[in-house]
Amino acid sequence: MARVLYLGGFGRSGTTLVERLLGELPSVCALGEIVHLWQRDIRDDERCGCGARFSACTFWKRVGERAFGGWGNVDVDRVHALADAVERTRHIRRLASGQMPMDEVREYAGFYAKVYAAAAEVSGAAVVVDSSKHSALAHVLQWSEDIDLRVVHVVRDARGVAYSWTKTVTRPETDGTDEMTRYSPSRSALLWNAHNLAFGLLARRGGAVHRIRYEQFLADPRGALRELATFADLPLAADDLAFLGDGHADLGVGHSAAGNPMRFTVGRLPLRRDDTWTAAMPRGHRRLVGAVCAPMLRAYGYPLNAEQS
Ligand SMILES: [Zn+2]
């Protein structure tokens, strides 16, 4: 049974950075956002984190052979149909209480379980990381008996998240032709509430959920990674964190299948908080998001009135 660290949270909350640092730990294999593997990689043959096209990446080729006898054997239409049927934010309450068509839930989770197990075998890693983020998918995977699921719930200040969603980012894996989605601040605020509530629900229903604040993770990446290693039952040796320097990390090549452009970064990555929003976000937007997200910002320990959190 594959041991999986699932990075969950609303987009732009820092999950890619957390994934990249986790991927540097020995015995950890970071896979990227597997939720997008079916379309973006199997169908569209986008680029792996190593730079190669998915079909040309040796790592993923071996994973596909082991998991399915080759990616060509995956019924991607079926995966999409199952995702449409069960992996929806509006189904989360029913998913959590087992009131969904459970055959379909388990069939859908089965595709992921096969990828995780094969990736663990091919890489030799004890833990694989899926940074898919989606709360509904975490609720689906929770029902699989073939996955040892441990969810890392990554929370970032809703105002920084909302500001980030207003900016335009090009997706380099499509060679600059496609831009990432943008949301208005009010839409971001509502989604931030919904996704974070969903991970709280997963924890209350007995899921293994460990919550981290992204700002805290950046303030003490060494301590945060030790905590996550403990959560994953992964023993760390003294020099396993040697890739972390003072305010930076040295990253090797990874095979992240899909996700944020940072997955292509190799070499020195500065680790600093992106607090641009505190100066650049229009006051009205900041107040709006602060008000809509107030109860949970407070619950997570974010100061509401301060200009900076
Ligand atoms: Zn690769």
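Residues numbered from 1 in each chain as written. Predicted model: local features only at pLDDT ≥ 70, side-chain atom pairs only at ≥ 80, totals over all residues. Heavy atoms only, no water.

Here we take up the nonpolar core. Of all hydrophobic cores here, the largest spans 51 residues; its most connected members are Trp38, Trp60, Tyr108, Tyr112 and Tyr116. Looking at which element gives the most residues to this core, the answer is helix α6 (residues 102-123), with 13 residues. For Tyr112, the residues in contact, after removing those within four places along its chain, are Ile34, Val35, Trp38, Glu87, Asp130, Leu137 and Leu141. Counting 31 residues, the second largest nonpolar core, distinct from the first, contains Leu5, Tyr214, Leu251 and Leu271. (Core = buried A, V, L, I, M, F, W, Y, C linked by side-chain atoms within 4.5 Å. Buried < 20%, exposed > 50% of the residue type's maximum accessible area, 1.4 Å probe, protein only. Helix = DSSP H or I, 4+ residues; strand = E, 2+ residues; numbered from the N terminus. Contact = heavy atoms within 4.5 Å.)

Before going further, it helps to examine the environment of Gly9. Here Gly9 shows up in the loop between β1 (2-8) and α1 (15-23). The sequence separation of Gly9 and Arg187 amounts to 178 residues, and the corresponding C-alpha distance is 15 Å. Among all residues touching Gly9, those that are not within four sequence positions of it are Lys133, His153, Val154 and Phe199.

Moving on to the coordination of the zinc ion. The expected angle between donors at a tetrahedral four-coordinate metal is 109.5 degrees. At an octahedral six-coordinate metal it is 90 or 180 degrees. Summarising the metal site, the zinc ion is bound by the protein donors Cys48 (SG), Cys50 (SG), Cys57 (SG) and His255 (ND1), whose distances to it range over 2.1 to 2.4 Å. Around the zinc ion, the 4 donor atoms sit at angles spanning 97 to 119°, and that spread fits a shape best called tetrahedral. All donors to the zinc ion come from one chain, and their sequence spacing reads C-x1-C-x6-C-x197-H. We classify Cys50 as partly exposed; its relative accessible area is 29%. Look at Cys57 and you get buried, because its relative accessible area is 1%. (Donors = N, O, S within 2.8 Å, 3.2 Å for Na, K, Ca; no water. Tetrahedral: all angles 85-135°; square planar, octahedral: opposite > 155°, others 65-115°.)

Turning to the side chain of Ser144, a few remarks are in order. Turning to its location among the elements, Ser144 is positioned in the loop between α7 (135-141) and β4 (147-155). Reaching out from Ser144, the side chain makes a polar contact with the backbone nitrogen of Asp146 at a distance of 3.0 Å. Once residues lying within four places of it in the same chain are set aside, the contact partners of Ser144 are Ala109 and Ala113. (Polar contact = N/O pair within 3.5 Å; in protein donor to acceptor, adjacent residues only side chain to side chain.)

For the rest of this paragraph, the subject is the sheet that holds strand β2 (residues 28-30). Read across the sheet, 5 strands follow the order β2-β3-β1-β4-β5 without closing on themselves; strand pairing throughout is parallel. Edge positions in the sheet fall to β2 and β5 (209-213), since each has one partner strand and no second. In this sheet, neighbouring strand axes are inclined to one another by 25° on average, regardless of whether the strands run parallel or antiparallel. Sheet topology places β1 next to β4; 7 bridges connect them, and they run parallel. Looking at β4, one finds that Gly8 is bridged to His153. (Pairing = 2+ DSSP bridges. Axes fitted to C-alpha atoms, helices over the stretch in contact; angles between N-to-C directions.)

Purely geometric numbers; function is a separate question.
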